[in-house]
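Residues per chain, in single letters:
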Amino acid sequence: MTTVRLKTTLFAFILLAMPFRAVAQVGEYRNEFSVGGGVGVALNSVGFTPRVPQGMHIGPTAGVTTRYVCEKYYSMICSIVAEVNFTSLGWKENILDAYDQKVINPVTGNAEEYSRTITYLQVPIFAHLAWGKEHSGCNFFFRAGPQLGVMLGESTSANFNISEANMQDRSNSTVRQYTMDVERKFDYGIAGGLGMEYSVPRLGHFLLEGRYYYGLGNIYNDSKRDYFGKSNNSTIMVKLTYLTDIFR
């Protein structure tokens, strides 16, 4: 390599490195680790194709939360949050006639009701960005990232015998799900949330969050020969979390 080419290469390298150096100087290093737990409520539905009319299945969620704060960039506090949660998902059907009235079972004389509860062990990992006070006072945050889940079990609740369901009055005839166990135990998708954190020195951090999860996988097989082309979880979650600092 000639001297001119060497100087040109070094100059280009310096120019490319300058922005990264500037960014590194702007960000303030943090090394803070917190651990705690959270509880909340999960409102879930399953996106079936063919369609199954539903309301929200309401179930609890609870688990362990960890957070590592790595940097403050201008006014933005940057963290990584990981959770391990036990969560009750599933679906609750709206069994209606053509006039949007509840369908009455001819044997029991009661309005037909059906729901499925699916319990998952869920592991979301978030990029957590916050604006406001760090250690004393309030901040607001946004978080987003992938979520993995493994089914632990399932149960069914119905107030009628499946073979005696009132199909004559139903506006929707999709009932194959009644007799189908969950075929895919592994669930995955993306989640994001907005919330508020209130920190008290020597006491800890209290977080209130609203979160949405969209499943990218299906609970039933979805090949051309399978009945359901789509059957993914969709969850709205409200969660309260407490964190205590391990080191800072």
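Shown above is the structure to which this text applies.
Calculation notes
The written sequence of each chain sets the order in which its residues are numbered from 1. Restriction of local features to residues with pLDDT of at least 70 applies here, the model being predicted, together with a cutoff of 80 or more for giving and counting side-chain atom pairs; totals for whole chains, interfaces and linings are based on all residues. Each side-chain value is derived from all of the structure's non-hydrogen atoms; neither hydrogens nor water enter the calculation. The set of buried Ala, Val, Leu, Ile, Met, Phe, Trp, Tyr and Cys residues whose side-chain atoms join them within 4.5 Å is what this entry labels a nonpolar core. Each residue is placed in one exposure class: buried if its accessible area under a 1.4 Å probe, protein chains only, is under 20% of its type's maximum, exposed if it is over 50%, and partly exposed if it falls in between. For helices the rule is a DSSP run of H or I covering at least 4 residues; for strands it is a run of E covering at least 2, with both sets numbered from the N terminus onward. We call two residues contacting when some pair of their heavy atoms lies within 4.5 Å. Pairing of N or O atoms within 3.5 Å defines a polar contact, subject to two protein rules: one partner must be a possible hydrogen donor and the other a possible acceptor, and residues neighboring in sequence count only if both atoms are side-chain atoms. By convention, a stacked pair of Phe, Tyr or Trp rings (six-membered ring in the case of Trp) has centres within 6.5 Å and planes under 30 degrees apart, an edge-to-face pair has planes over 60 apart, and any other such pair is tilted.

Asker: Which residues make up the nonpolar core, and what values go with them?
Answerer: Grouped together as the largest cluster of nonpolar side chains are 21 residues, with contacts concentrated most on Phe48, Trp91, Ile118, Ile219 and Tyr220. At the level of secondary structure, the elements contributing two or more residues to this core comprise strand S1 (28–49), strand S4 (76–93) and strand S5 (114–132). Among residues more than four places away in sequence, those in contact with Trp91 are Val46, Phe48, Gln54, His57, Tyr114, Ser115, Arg116, Ile118, Gln177, Ile219 and Tyr220. Counting residues in each nonpolar core, the second largest holds six residues, with Val69, Ile77, Ala130 and Leu207 among its members.

Asker: I'd love a proper account of the side chain of Gln54, names of residues and values included.
Answerer: With respect to the helices and strands, Gln54 occurs in strand S2 (residues 54–55). A polar side-chain atom of Gln54 sits 2.5 Å from the main-chain carbonyl oxygen of Val46. A distance of 3.2 Å separates a polar side-chain atom of Gln54 from the backbone oxygen of Val52. Setting aside anything within four residues of it in sequence, one finds Gln54 in contact with Ser45, Val46, Phe48, Trp91, Lys92, Glu93 and Asn94.

Asker: Summarise the packing of aromatic side chains; cite the residues concerned and give the values.
Answerer: The way to describe two aromatic rings as a pair is by their centre distance and the angle between their planes. Applying the stated rule across the entire model yields 12 aromatic pairs. Ring geometry for Phe48 and Phe228: centres 4.9 Å apart, planes at 45°, overall tilted. On the criterion of sequence distance, the pair formed by Phe48 in strand S1 and Phe228 in the loop between strand S8 (204–215) and strand S9 (230–247) is long-range, its members being 180 residues apart. Both residues of the pair, Phe48 and Phe228, belong to the buried class. Arranged with centres 4.9 Å apart and planes meeting at 85°, the rings of Tyr227 and Phe228 form a pair that is edge-to-face. By relative accessible area, which is 32% here, Tyr227 ends up partly exposed. Three or more aromatic residues joined by ring pairs form one cluster here, namely Phe48, Trp91, Tyr114, Phe160, Tyr178, Tyr220, Tyr227 and Phe228.

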